[in-house]
Amino acid sequence: MANSKYEYVKTFEQSTTLLPATYIVVRLDGRGFHKFSAKYNFEKPNDRRALELMNAAATAVMRDVPDIGFAYGISDEFSFVFGRECRLFDRRESKILTTVISTFTSYYVHLWSTFFPSKPLMPPLPSFDGRVVLYPSTQTLRDYMSWRQVDCHINNLYNTTFWALVQKGGLDNAQAEERLKGTLAAEKNEILFSQFGINYNNEDEIFKKGSIVFRDYKIEGAGSGNIVATPAGSGGDGAEMSRTQQEKERKRRMKAEIVTEHTDFIKDEFWQQKPWLLSDTG
Ligand code: DGT
Ligand code: MG
Ligand code: MG
Ligand code: MG
Ligand code: MG
């Protein structure tokens, strides 16, 4: 394209390049979902259809953006994790963030009617904001993940007890809030059990643990037996991959089945069983 006298305006463009060798986390969150969930009568405290819609949208994002290693969702939020060696968009922050947010939002709207067939979406339509956070080590990334899963647990125990007091215990919202003020987890468990016969341990895992979405190479490799899993976005030994290697890795990711689990990943076991999710170089 010929240069025009206007081209100089490009020099005003700025972009942030994300630090190399760090995990990239994009966390998105529904805007005003307090109101949005009320408008569509989401079940309280948890609406399974709403959570499954979030998971379906996240799965679609992972299919469209193979560089994403895995994702974790609770409530109206989802965190997408890119491996430390990820080269997507030369690690330009705005490209990565906006691609994830807009792809997720599109699929959320597109898939809405599958999960809420009798509730057509009407404006104001759902939207999501997001941020990028970098984690320099596997430990800090795992602590980030654990922070979100602990949040899921704390919120869910609170909400489950709160709504039991309101829906079954006849308290109004303010009374339920007052009843729970300052209570520890054990007390909430006790209220649930002694007052309502609910054993919190038997609540659905999707509510207690949230949803982790990842590529399951084991299932894919079960037949051929020779799938060598490498950590997300890396050459396995921390070395830069050649172009052909990168292309091969990309194809392998695109072929892998994307699965959702509701499982504890604060303990080591989950990560040990899926070594391709984390780079183990520190
Ligand atoms: P924000 O994020 O600052 O724009 O504002 P909100 O209203 O989205 O607040 P946030 O993200 O802190 O909290 C999520 C809200 O979404 C919270 O009010 C509860 C609601 N929500 C999320 N999942 C469910 C669900 O499964 N059932 C119901 N009833 N509400 C839900
Ligand atoms: Mg927010
Ligand atoms: Mg929100
Ligand atoms: Mg939220
Ligand atoms: Mg363009």
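So, how was this worked out
- Residues numbered from 1 in each chain as written.
- Chains lettered and ligands numbered in written order.
- Predicted model: local features only at pLDDT ≥ 70, side-chain atom pairs only at ≥ 80, totals over all residues.
- Heavy atoms only, no water.
- Axes fitted to C-alpha atoms, helices over the stretch in contact; angles between N-to-C directions.
- Helix = DSSP H or I, 4+ residues; strand = E, 2+ residues; numbered from the N terminus.
- Parallel < 35°, antiparallel > 145°, perpendicular 65-115°, else oblique.
- Left-handed = near helix turned anticlockwise from the far one by under 90°.
- Contact = heavy atoms within 4.5 Å.
- Near = heavy atom within 4 Å.
- Polar contact = N/O pair within 3.5 Å; in protein donor to acceptor, adjacent residues only side chain to side chain.
- Areas by Shrake-Rupley, 256 points an atom, 1.4 Å probe, with all protein chains shown as cover.
- 1 Å grid on protein atoms, 1.4 Å probe; cavity = no way out; pocket = protein on both sides within 12 Å on 5 of 7 lines; lining within 4 Å.
- Sits in = over half its atoms within 2 Å of the grid points.
- Buried < 20%, exposed > 50% of the residue type's maximum accessible area, 1.4 Å probe, protein only.
- Points joined across faces, edges and corners; volume = space filled by probe spheres on them.
- Nonpolar A, V, L, I, M, F, W, Y, C, P; charged D, E, K, R; others polar.
- Donors = N, O, S within 2.8 Å, 3.2 Å for Na, K, Ca; no water.

A.B. asks: Just checking my understanding: could you explain the packing of helix 4 (residues 138-167) against helix 5 (residues 173-180) for this structure?
C.D. replies: At a minimum axis separation of 9 Å, helix 4 and helix 5 run at an interaxial angle of 130°. For the element pair helix 4 / helix 5, the angle class is oblique. Viewed along their axes, helix 4 and helix 5 form a crossing whose handedness is right-handed. Within the contact between the two elements, helix 4 uses Tyr158, Thr161, Phe162, Trp163, Leu165 and Val166 and helix 5 uses Asn173, Ala176, Glu177, Arg179 and Leu180.

A.B. asks: I keep staring at the site of ligand 1 and nothing clicks. Help me out?
C.D. replies: Taken together, 15 residues are adjacent to ligand 1, and Asp29, Gly32, Phe33, His34 and Asp47 come closest. Between ligand 1 and His34, the relevant distance is 2.8 Å, taken from an oxygen atom to a main-chain nitrogen or oxygen of the residue. Side-chain polar atom of Asp76 to an oxygen atom of ligand 1: 2.9 Å apart, as the coordinates give it. Here ligand 1 has 630 Å² of accessible area as a free molecule, and 64% of this is covered by the chains. Assessed atom by atom at 2 Å from the grid points, ligand 1 resides in the largest pocket.

A.B. asks: Hey, could you run me through unusual backbone geometry in this one?
C.D. replies: Most peptide bonds adopt trans geometry, and most residues besides glycine take a negative phi value. Between Lys44 and Pro45 the backbone carries a cis peptide bond, its omega angle lying at 0°. Of note, Pro45 is situated in the loop between helix 1 (33-39) and helix 2 (48-64). Omega for the bond connecting Pro123 with Pro124 falls within 30 degrees of zero, at 0°, which places this linkage in the cis form. Here Pro124 lies in the loop between helix 3 (93-115) and strand 4 (128-135). Phi is positive for Arg91, close to 60°, though the residue is something other than glycine. Look at Arg91 and you get buried, because its relative accessible area is 2%.

A.B. asks: Explain the layout of surface pockets to me, please; I cannot follow it from the model alone.
C.D. replies: In this approach, a probe sized like a water molecule rolls over the atoms, and the result shows the empty space that is left. Roughly 840 Å³ of volume is contained in the largest pocket. Forming the walls of the largest pocket are 32 residues, and the residues nearest its centre are Ser37, Pro45, Asn46, Ser75 and Asn159. Elements represented by at least two residues in the lining of the largest pocket include exactly helix 1, helix 2, strand 2 (68-74), strand 3 (77-82), helix 4 and helix 7 (205-209). A total of seven residues in the lining of the largest pocket trace back to one element, the largest contributor, which is helix 4. Taken together, the residues of the lining of the largest pocket break down into 14 nonpolar, 11 polar and seven charged.

A.B. asks: Which parts of the structure should I look at to understand the coordination of the magnesium ion (ligand 4)?
C.D. replies: When a metal holds four donors in a tetrahedron, each ideal angle between them is 109.5 degrees; when it holds six in an octahedron, the ideal angles are 90 or 180 degrees. Protein-derived ligands of the magnesium ion (ligand 4) are Asp29 (OD) and Asp76 (OD), with the metal-ligand distances lying across 2.1 to 2.2 Å. In this structure, the magnesium ion (ligand 4) lies 5.6 Å from the magnesium ion (ligand 2). Here Asp29, found in strand 1 (residues 23-30), pairs with Asp76, found in the loop between strand 2 and strand 3; they are 47 residues apart in sequence, far enough to count as distant. The class of Asp29 is partly exposed, set by a relative accessible area of 26%.

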